[in-house]
Amino acid sequence: MTSLGALRRPPSLWLKGVAGVGAVRGSASVPGMVPRPQGTRRLSRCPVCVGWNRVGPLGHAGSWEGEPSAPNGREHQLCLCWILPCQPAIAMGVPVFILAGLLVHCVFLVSIFDIYFSSPLVHGMTPHQTPLPPPAKRLVLFVADGLRADSLYELNSNNRPQAPYLRAILENNGSWGISHTRVPTESRPGHVALIAGFYEDVSAVAKGWKENPVEFDSVFNQSKYTWSWGSPDILPMFAKGATGDHVYTFCYTAESEDFGAQDAAKLDTWVFDHVKSFFNSSRSNQTLFSALNEDKVVLFLHLLGIDTNGHAHRPYSREYKENIKVVDDGVKEIASMIENFYGNDGKTAFILTSDHGMTDWGSHGAGHPSETLTPLIVWGAGVNYPQKVTSQFFEDNFLREWKLENLKRLDVNQADIAPLMASLIGVPFPLNSVGTLPLEYLNNSAHFKAESMFTNAVQILEQFKVKMHQKKETTLSFLFTPFKPLSDSEQINFLKKTRLYIQQHKYDEAVSLCKTLINLALEGLSYYHTYDRLFLGLSIAMGFVGWTTYVILVIIKTHTNLTKTVQANNKESTVLFYAFTIVGMIIAFFLLIQARPWTYYVYCLLPVPVWYAVVRELPVIQDLAANLLSLHISQCIGFLLVSTLGIEILVFSFFYRSTLTIGLLIFAGWPVITQLWVQAKTTALIWTLLCVLLAVFPLMPVVGREPNIPLVIATGLLTLLISCFSLACCCRSENKHRSNEELKVYFYQMLSITLSTYVVSSTHDSLKNKQGLPVLNQIISWMTLASSSVLPLLSSTFLFQRLFSILLSLMSTYLLLSTGYEALFPLVLSGLMFVWINMEQEALQHYGLSVKPKLAVFNFAYATDITQFRQLHLDDVRRSFFFVFFIVTAFFGTGNIASVNSFDPASVYCFLTVFSPFMMGGLLVLKVVIPFVLVSCAFEAVQVTTQLSSKSLFLIVLVISDIMALHFFFLVKDYGSWLDIGTSISHYVLVMSLTIFMMLMNGLAQLLTTKRLELPRRTKHHST
């Protein structure tokens, strides 16, 4: 086979060969193909290397003038193989390369869970409890799911409290404040913080906060008996983790959690009714009666109605506020009943709080104050009475709004409530708790407070000691660096000093010292937890840079003519191989003697083979450098600056959606900058207008905040209007390829759009009137969803007809999932994609790369083999960037999916209203994917109409996404607010998934554009 250097020829000769692309299948009459000019050579597959070969006009092998012959004097039986893809330019085969790429990216993706999000929980600690008798024998915990602090504390329009009983409690009987939750403000993490005292194990993000990867301790587990009533989504996880059989749960059915129900307050009524019947039944059940009269008893009432009504009707709705009144009445009734049951013995403590709040638009998950500020009211045994104050300062202005400025407000972190509960009933503090006991809530002696605080400090110090011991055992002694502020001697000194203060009745000094010890222990826990982070982070970063460099070399070597083939030196290759093998063995030995986990071997050894592959291509790098040095330095710097700017715009768009607007406005000026508008003024004008129109969407509020059903209906009608116009144009044109079956498909898609528009209107009217989801609407919705992936396959495979059919099918489903302006998004995006296909043809002609094909008759079915014909041009990098930019726009155009806050259950109400996290999550993912599919199908059209290699395209996108991923790898954090933590990890996962997802979408796009299902036709029988 000829060398790469011998294959290089003047562009005029190369273009002459490419111009005959339409003759690949041996016929110039194939629709959509470019007729082969006279005198050019036809292309065919080489049976030896399966590459494209040139065949003379009469079908005989030929060669260009002055062109060398193939080795051994024959031309692969047919001809000299001249198109680059048949060159074995990379050391590994294509399947091996793809598998290696997938493996490397999976390692990169999983690595952050070991580096940043491994479980901080440790085991093996000894339980500790306050040695003095507790003030309460039992505790009643009310958790009003989704209750905002302002919704409970504020006065209504008549200047009366929303919850009269609870207002009277905080004014006359107990202490109150705000509990500050952390992101993600979801039910699962909130309840773990409340009951177990630690913020949800961050490694649980890999399991969607569904279950904790490791077992954890809780107040329920430490109690003698716990009885709980409420949601099947919350209660079982605490019973599952408890040791022994002393945590009992009573749950309603999952089907009861219906967003479309007449009144979700019935969920709370169910809880109150079952608690009352439970206590009534205990009077005739001696065993149960005896258990209820034991010490260290917990009663947990999970009240989900407020959260459900907030999702369905928003927090300022009448339903939400009436549900608060239902909870207030229920708490009053239960508290009175329990006091009477125990003969008003004064040994019951009550706590009312919430797991999270809710935004004005009825969602939660992020870090808005309306989501993180929850109420906390504590009263009963061992609890301080209201404390009158003349003034108090908080950054917010809530006290004046709530008219509570004269009652002392005691704010806590959500995890502080667990040690408060443990102290009140005298159980050991949860082993993994990181909360600090809020002493101001306790009405007890200074001695009791000091002892409780000391217990709190010792319990957290125990975790620090276990963590330090674990790290010391897995690190070489000369490499181990201890946490100096809390060395062994310092620990002993702290404990001795605190105990001495308590013995000397210097309780305030003891409490102060305990708080210092708690802070240092928490710092030390973080220090040892992140001990290996720098080492592992550098290993992954080296792997990232090495892999990206290798992919760039593959692109240059395989899909361009910038380098020539260099014969490898076997002796140098052997030395290189053994050198990298020795390096790998040294790293493995170093890890082995430290007894590191197997994942460390993967992360640390991965850069070795990757950089070995890069260094092997050193001659190619030298050749490339020589070629680049021959270029003008201003061109190189300009290309690098434009590339850097493009990558940074993509990165910033993950944080600020408005960045997409800037990018689209730059895109709008692309035809002017490149002078394309001169040859295609109308197309360029439409392109500019659609770019500007699409640029408006990232400036709009996140989807779901302001439902606008009339706009969704208007979008459905607009889609129908466009469909009718398109059908009229289709009927007027003399299209001999159109059949009656295709018209039937077209009419069915228009009917589907009509039905979707009706279902959206009808469903939301029905839910507004509290009549639930109509069964007929639900059936139509699911049938529309099922048919949307099949109908495009029944339509014609001509380029614009198939793409328009895909748009109509997906729009019918997207309308059902829309609640506002986002319904217009795929319509505008598709319009821009149609124009983009035309603009790329103009660009191809502008740069003299190809004869412009007639797109109107271009057929996807005959275009499956034309993706191998030309080498990469610099403009193809711009095409790949456009594709990645449109993909990012498809993701973030109508909201930041990296934020849980954008979840709006109203989007799926046409399909189901009963709470089902997996089904609802699947439908919301589908809503996100639909614009992605539209972009992928459009790019498939760009790819085949510009004779662009799908392999080279994938590699360019791989490089772009890997550079973005390296950005986000260093931006991943596990400190600061949990909003920052959640955002950083989701960004990295999104970019890392982009490559794999793009491969899947590329396959789906090929299926949707090229395949066609033929319906069985009825055979006509003629009578004889």
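Note that the coordinates shown come from a computational prediction; the quantities given were computed from them, not determined experimentally.

Draft legend 1. Fine view of the overall build of the protein. Helix and strand counts for the protein stand at 36 helices and 10 strands. A burial count over the protein gives 56% of its 1024 residues as buried. Entry remark: accessible area of the protein is about 43700 Å², with carbon and sulfur atoms responsible for 62%.

Draft legend 2. Examining unusual backbone geometry more closely. A positive phi angle is found at N344, which is not glycine, with a value near 50°. Checked against the element boundaries, N344 lands in the loop between α12 (318–341) and β8 (348–353).

Draft legend 3. View of helix α20 (residues 570–592). When the terminal C-alpha atoms of α20 are compared, their 33 Å separation across 23 residues agrees well with the 33 Å that a helix rising 1.5 Å per residue should span. Among all positions in α20, only F580, G584 and L591 are buried.

Draft legend 4. The arrangement of the sheet that holds strand β9 (residues 373–380) in detail. In space, the eight strands of this open sheet follow the order β6-β5-β7-β3-β8-β9-β4-β10, with mixed pairing throughout. In this open sheet, the two strands that pair with only one neighbour each are β6 (247–251) and β10 (412–413). Contacting β3 (138–144), β7 (297–303), β8 and β9, α12 runs over the sheet at an angle of about 170° to β8. In the packing of helix α15 (residues 417–425) onto the sheet, the strands contacted are β3, β4 (175–180), β7, β8, β9 and β10, and the crossing angle to β8 comes to about 170°.

Draft legend 5. Representation of the packing of helix α9 (residues 266–282) against α12. Following both chains from N to C, one finds α9 and α12 inclined at 10°, their axes separated by 10 Å at the closest point. As summarised for this structure, α9 and α12 are arranged roughly parallel, according to the angle between their axes. Between α9 and α12, the residues in contact are D268, T269, F272, V275, K276, F279 and S282 and N323, V326, V327, G330, V331, E333, I334, M337, I338 and F341, respectively. In terms of residue class, the contact of α9 with α12 is made up of 10 nonpolar, four polar and three charged.

Draft legend 6. Molecular detail of the pairing of β4. Of all six residues in β4, five are buried; the element is thus mostly enclosed. Taken together, the six bridges between β4 and β9 define a ladder with antiparallel strand orientation. Paired with H180 across the bridge in β9 is L373. In the sheet, β4 pairs with β10 via two bridges, with the strands oriented parallel. Counted as the bridge partner of S179 is V412 from β10.

Draft legend 7. The packing of helix α25 (residues 658–668) against helix α33 (residues 874–892), seen in detail. Closest axis-to-axis distance for the α25/α33 pair is 11 Å, and the angle between their directions is 140°. Taken together, α25 and α33 sit at an angle that is classed as oblique. Helix-helix and strand crossings are classified by hand; for α25 and α33 the assignment is left-handed. Every residue of α33 that contacts α25 at L660, G663, L664 and F667 is listed here: F881, F882, F885, F886, V888, T889 and F892. Residue composition of the contact of α25 with α33, by class: nine nonpolar, two polar and no charged.

Draft legend 8. Up close: the packing of aromatic side chains. Taken as a whole and judged by the stated rule, the model has 62 aromatic pairs. Residues F250 and F278 carry aromatic rings whose centres are separated by 5.8 Å and whose planes lie at 55° to one another, so their mutual orientation is tilted. Placement of the pair is F250 in strand β6 and F278 in helix α9, with a sequence separation of 28 residues. Geometrically, the ring pair formed by F279 and F341 is edge-to-face, given 4.9 Å between the ring centres and 80° between the ring planes.

Draft legend 9. Local environment of the side chain of S723. Examined against the element boundaries, S723 turns out to sit in helix α28 (residues 709–732). Ignoring anything within four residues of it in the chain, the contact list for S723 reads Y746, M750, F804 and L808.

Draft legend 10. Representation of the pattern of salt bridges within the structure. Applying the stated criterion across every chain, the model contains 23 salt bridges. For the salt bridge of D532 with R596, the shortest nitrogen-to-oxygen distance reads 3.0 Å. With D532 in the loop between α18 (507–529) and α19 (533–559) and R596 in the loop between α20 and α21 (598–605), the pair connects residues that are 64 residues apart, well separated along the chain. Residue class for D532 comes out buried when judged on its relative accessible area of 8%. Measuring nitrogen to oxygen at the nearest pair gives 2.9 Å for the salt bridge that ties E617 to K557. Of this pair, E617 sits in the loop between α22 (607–616) and α23 (618–629) while K557 sits in helix α19, placing them 60 residues apart in sequence.

Draft legend 11. Just helix α5 (residues 164–172), in detail. For α5, the set of buried residues is Y165, L166, R167, I169 and L170. Where α5 is buried, its residues touch α4 (149–153), β4, α12, β8, β9 and α14 (398–402).

Draft legend 12. Inspection of the environment of G426 at higher detail. Relative to the helices and strands, G426 resides in the loop between α15 and α16 (446–473). The class for G426 is buried, based on a relative accessible area of 10%. Once the C-alpha coordinates of G426 and Q129 are considered, the two residues, 297 residues apart in sequence, prove to be 6.7 Å apart. Residues in contact with G426, not counting those within four places in the same chain, are Q129, P134 and K296.

Draft legend 13. Structural context of a nonpolar patch on the surface. The grouping of F478, L479, F535, F589, F590 and I593 at the surface amounts to a nonpolar patch, some 600 Å² of accessible area in total. If you trace the backbone, F535 turns up in helix α19. F535 gets classed as partly exposed once you look at its relative accessible area, which sits at 37%.

Draft legend 14. Region of interest: the nonpolar core. W687, F886 and Y988 are the most contacted members of the largest nonpolar core, which totals 137 residues. Not counting residues up to four positions away in its chain, the partners in contact with Y988 are F108, L109, S111, I112, F544, A965, F968, F969 and V972.

Draft legend 15. Focus on the environment of V942. Positionally, V942 belongs in helix α34 (residues 917–945). Since its relative accessible area comes to 0%, V942 is described here as buried. In this structure, the C-alpha to C-alpha distance between V942 and W836, residues 106 residues apart in sequence, is 8.0 Å. Apart from the residues lying within four places of it in its own chain, the contact partners of V942 are W836, I837, E840 and R879.

Draft legend 16. Seen up close, the environment of L1008. Residue placement: L1008 occurs in helix α36 (residues 978–1010). Since its relative accessible area comes to 9%, L1008 is described here as buried. The spacing of L1008 and C937 is 71 residues in sequence and 7.6 Å in space, taken between C-alpha atoms. Setting aside residues no more than four positions away along its own chain, L1008 makes contact with S789, L793, R802, I806, V933 and C937.

Draft legend 17. Highlighting the confidence of the model for the protein. When pLDDT is averaged along the protein, the result is 81; 81% of the residues meet or exceed 70. This stretch, residues 1–91, has a pLDDT under 50; its non-local contacts, to residues over four places away or in other chains, come to 175 contacts. Segment residues 206–210: pLDDT under 50, and 11 contacts once partners within four positions in sequence are set aside and those in other chains are kept.

Calculation rules
- Residues numbered from 1 in each chain as written.
- Predicted model: local features only at pLDDT ≥ 70, side-chain atom pairs only at ≥ 80, totals over all residues.
- Heavy atoms only, no water.
- Helix = DSSP H or I, 4+ residues; strand = E, 2+ residues; numbered from the N terminus.
- Buried < 20%, exposed > 50% of the residue type's maximum accessible area, 1.4 Å probe, protein only.
- Areas by Shrake-Rupley, 256 points an atom, 1.4 Å probe, with all protein chains shown as cover.
- Expected span 1.5 Å × (residues − 1).
- Pairing = 2+ DSSP bridges.
- Contact = heavy atoms within 4.5 Å.
- Axes fitted to C-alpha atoms, helices over the stretch in contact; angles between N-to-C directions.
- Parallel < 35°, antiparallel > 145°, perpendicular 65-115°, else oblique.
- Nonpolar A, V, L, I, M, F, W, Y, C, P; charged D, E, K, R; others polar.
- Left-handed = near helix turned anticlockwise from the far one by under 90°.
- Phe/Tyr/Trp six-rings, centres within 6.5 Å; stacked < 30°, edge-to-face > 60°.
- Salt bridge = Lys/Arg side-chain N within 4 Å of Asp/Glu carboxyl O.
- Patch = residues over 30% accessible without salt bridge, like charges linked within 9 Å, V, L, I, M, F, W, Y side chains within 5 Å.
- Core = buried A, V, L, I, M, F, W, Y, C linked by side-chain atoms within 4.5 Å.
- pLDDT = per-residue confidence, 0-100.

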